[in-house]
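The chain contents come next:
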Amino acid sequence: MHQALLVPEVLLDIFAHVNESVDLPSDDSSCDRLLSQQSLASLATTCKTFYEPAMDLLWANIDELEPLLGCVTRLHPLIYCSEAEPSWSEGIEPLSENEARQFLRHAFRVRSIDISSDRNFHLLTVFPTETCMFPRLQSLLWQVETPNNIYLHLFLSNTLLFFYLSAIHPALKSIGTRCASLEALTIGDAKDLTADESFLLSETIRSCTQLKHLGCPPLAWEAWNHLSNLPTLLKLEIGSGNWPLDRHDFKFAPFLNVTILNFYVQTASHTITTLECSEFPSLQQFKMHVQVMPFAQAEQLFRALSQCNAGHTLEYIVIFSFDSDGDSDEEPSDNSLTAIAQFLHFTQLRTLGLVFENYPVYLDNDLLLKAMSSWPNIRYMTLANHQLRLPTITFRALFDGLRLCPHLDSLQLHIDAINIDIDPETESFQHTSLQKFNVGFSNIEDVEAIARIIFLMLPGVEQVKHGHEHNNWDKVNQHLKHLRSSADLGHHI
């Protein structure tokens, strides 16, 4: 054996390359994954020096319990026979104490496990509730359909760092003590929580003192208060469900280190309340998907976000409202949805996406120039206008604004393409970064003139996206293709 292979760091680095396909999801490159597993198994049987590192990598990531149950002599032929069914363990006696030792032989090597079925759990009755089957486990994905399954305790380890749970589970109450090092906790979307479930969730969150990432249903104010005082917290995602946050006379401590804040909710009211009571001085990303958000609430949301002390850090804002029915009693005014004016002080903005089913975002030539001058680093901007209203942005203002944003590569904007106020033949300006240009439902008359403007001034735009099924914008794209072909032919002559 070469002396270099006796150096642990060198050996581990070599084995890590063999292991790359093993770490792939089971649906991806299954042949490569199987080949890597076979290679690691072969390495493990080569010599004593290779055995431990190869076996550690081979068992590091597993799906379900079958690989470990296959180490049990009695169960091996049931699992690996050619006619084995997913329900192979039905009617099979639980593990004996000796078989439990066979099962646990390699369990200590497991770092990550994905459990999506409880069909084999009845085999584990030999293990006391306080048993930790995986003492070095770091990642647990628990997607069992029966949320109250009593066997979850067996998987909880004090080394656990990442924990995904598909629903509220009674075992959550022991997370703080059993998993003291937990850094990432995600609890799947839940319907309206009961009072007991809401209390359990709140107590669980308050027991976690090392969290960096948290995704869960809406929280009670006590849990929010705990999180605001948690310096390790970096990312916070709130899903759908009823909101127990019912106090309006409190102010949270600043969320000092939270950089990502996402909401996926039915209504916006409690999100607004939370923002009004909070400060996020390190916030870089804000994303919100909301099902129902009336006009007035949208304005409140913009104002609350603009006042949460993220003016010098926020780089990403994306807000979607999917309320297709809208508020029949409410009609927007000319100055409705003033998000642009509210967001001008976000000087580091790089991504802005605002999509509302019922209400357009107000923007005119002057406000566009103010926005572009405030956001010199902007790269993506979408202001989707699903209302067929007369556009207020002219080509002249658009290109004056683009001069201020040299890095912009994707733009969706409702534009006045009827009253053309620019002559590309007399302009020397080209914006070479813009690659994607979407004009929404903008109307058009002079196809050739628009095509020449885009061809000469936006050379990176190959096709203009639009919201019409059949429209003159398709003819613009045809002209663009012809102009490029002619230009390419001219270069070759």
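Structural data are supplied above this passage.
A. Local environment of the overall build of the protein chain. Of the regular secondary structure elements, the protein chain holds 16 helices and 15 strands. Within the protein chain, the fraction of its 493 residues that count as buried is 48%. Intrachain contacts of the protein chain at a sequence separation of at least 6 include 69% that bridge at least 24 residues.

B. Representation of the packing of helix H8 (residues 195–207) against helix H9 (residues 221–228) within the structure. Where H8 contacts H9, the axes come no closer than 8 Å and their chain directions differ by 15 degrees. In terms of their interaxial angle, H8 and H9 are classed as roughly parallel. The handedness of the crossing between H8 and H9 comes out as left-handed. Across the interface between the two elements, Ser202, Ile205 and Arg206 of H8 pack against Glu222, Ala223, His226 and Leu227 of H9.

C. Representation of the pairing of strand E7 (residues 235–238) in the model. Every second residue of E7 is oriented toward a common face, the buried set being Leu236 and Ile238 and the non-buried set Lys235 and Glu237. Two strands pair when backbone bridges link them, and strand E6 (residues 213–216) and E7 are joined in this way by four bridges, in the parallel orientation. Each residue of the ladder has a partner; that of Cys216, found in E7, is Ile238. Following the backbone out of E6, through H9 and into the adjacent parallel E7, one traces a crossover that is right-handed. For E7 and strand E8 (residues 260–267), the ladder comprises four bridges, and the chain directions are parallel.

D. Representation of the nonpolar core in the model. Phe155, Phe163, Phe286 and Leu352 are the most contacted members of the largest nonpolar core, which has 149 residues in total. Considering every element that reaches this core, the biggest residue donor is helix H15 (residues 447–457), with seven residues. In contact with Leu352, not counting residues within four places along its chain, are Ile317, Ile340, Phe343, Trp375, Ile378, Tyr380, Met381, Thr382 and Leu383.

E. Quick look at the pattern of salt bridges. Taken as a whole, this structure holds twelve salt bridges when the rule is applied. One salt bridge connects Glu203 with Arg206, and the closest N-O pair in it is separated by 3.1 Å. Of this pair, Glu203 and Arg206 both sit in helix H8, three residues apart, roughly one helical turn. Exposure remark for Glu203: the relative accessible area of 33% places this residue in the partly exposed category. Of the charged contacts in the structure, one is a salt bridge between Arg350 and Glu315, with a shortest N-O distance of 3.7 Å. Of the two residues, Arg350 is situated in the loop between helix H12 (339–342) and strand E11 (351–356) and Glu315 in the loop between helix H11 (295–306) and strand E10 (316–321); the sequence distance between them amounts to 35 residues. Look at Arg350 and you get partly exposed, because its relative accessible area is 26%.

F. Quick look at a nonpolar patch on the surface. A cluster of nonpolar residues, Val7, Val10 and Ile14, forms a patch on the protein surface that exposes about 200 Å² of accessible area. Position of Val7 relative to the elements: it lies in the segment before helix H1 (8–18). Residue Val7 is classed as partly exposed on the basis of its relative accessible area of 35%.

G. Quick peek at H9. Residues of H9 that are buried include every one of Ala223, Trp224, His226, Leu227 and Ser228, and no others. Tucked inside the fold, the buried residues of H9 contact H8, E6, E7, E8 and helix H10 (269–276).

H. Fine view of the environment of Leu314. Considering the arrangement of structural elements, one finds Leu314 in the loop between H11 and E10. By relative accessible area, Leu314 is classed as buried at 0%. Contact partners of Leu314, with chain neighbours within four places excluded, come to Leu283, Gln284, Gln285, Phe286, Leu305, Phe346, Gln348 and Leu349.

I. Quick look at helix H14 (residues 395–402). Burial within H14 is extensive, with six of its eight residues counted as buried. All of the buried residues along H14 are Phe395, Ala397, Leu398, Phe399, Gly401 and Leu402.

J. Just the pairing of E10, in detail. One ladder, built from six bridges, connects strand E9 (residues 285–292) with E10; its direction is parallel. Following the sheet pairing, Phe286 is matched in E10 by Ile317. As a crossover connection, the stretch from E9 through H11 into E10 is right-handed. Inspection of the sheet shows E10 paired to E11 by six bridges, in the parallel sense. The partner of Ser321 across the bridge, within E11, is Phe356.

K. Main features of the packing of H10 against H11. Between H10 and H11, the shortest axis-to-axis distance is 9 Å and the interhelical angle comes to 25 degrees. Considering their axes alone, H10 and H11 lie roughly parallel with respect to each other. Crossing of H10 over H11 shows left-handed handedness. Of the residues in H11, those touching H10 at Ser269, Thr271, Ile272, Leu275 and Glu276 are Gln297, Gln300, Leu301, Ala304 and Leu305. For the contact of H10 with H11, a count of residues per class yields five nonpolar, four polar and one charged.

The rules behind these values
- Residues numbered from 1 in each chain as written.
- Predicted model: local features only at pLDDT ≥ 70, side-chain atom pairs only at ≥ 80, totals over all residues.
- Heavy atoms only, no water.
- Helix = DSSP H or I, 4+ residues; strand = E, 2+ residues; numbered from the N terminus.
- Buried < 20%, exposed > 50% of the residue type's maximum accessible area, 1.4 Å probe, protein only.
- Contact = heavy atoms within 4.5 Å.
- Axes fitted to C-alpha atoms, helices over the stretch in contact; angles between N-to-C directions.
- Parallel < 35°, antiparallel > 145°, perpendicular 65-115°, else oblique.
- Left-handed = near helix turned anticlockwise from the far one by under 90°.
- Pairing = 2+ DSSP bridges.
- Right-handed = clockwise from strand over helix to strand, strands pointing away.
- Core = buried A, V, L, I, M, F, W, Y, C linked by side-chain atoms within 4.5 Å.
- Salt bridge = Lys/Arg side-chain N within 4 Å of Asp/Glu carboxyl O.
- Patch = residues over 30% accessible without salt bridge, like charges linked within 9 Å, V, L, I, M, F, W, Y side chains within 5 Å.
- Areas by Shrake-Rupley, 256 points an atom, 1.4 Å probe, with all protein chains shown as cover.
- Nonpolar A, V, L, I, M, F, W, Y, C, P; charged D, E, K, R; others polar.

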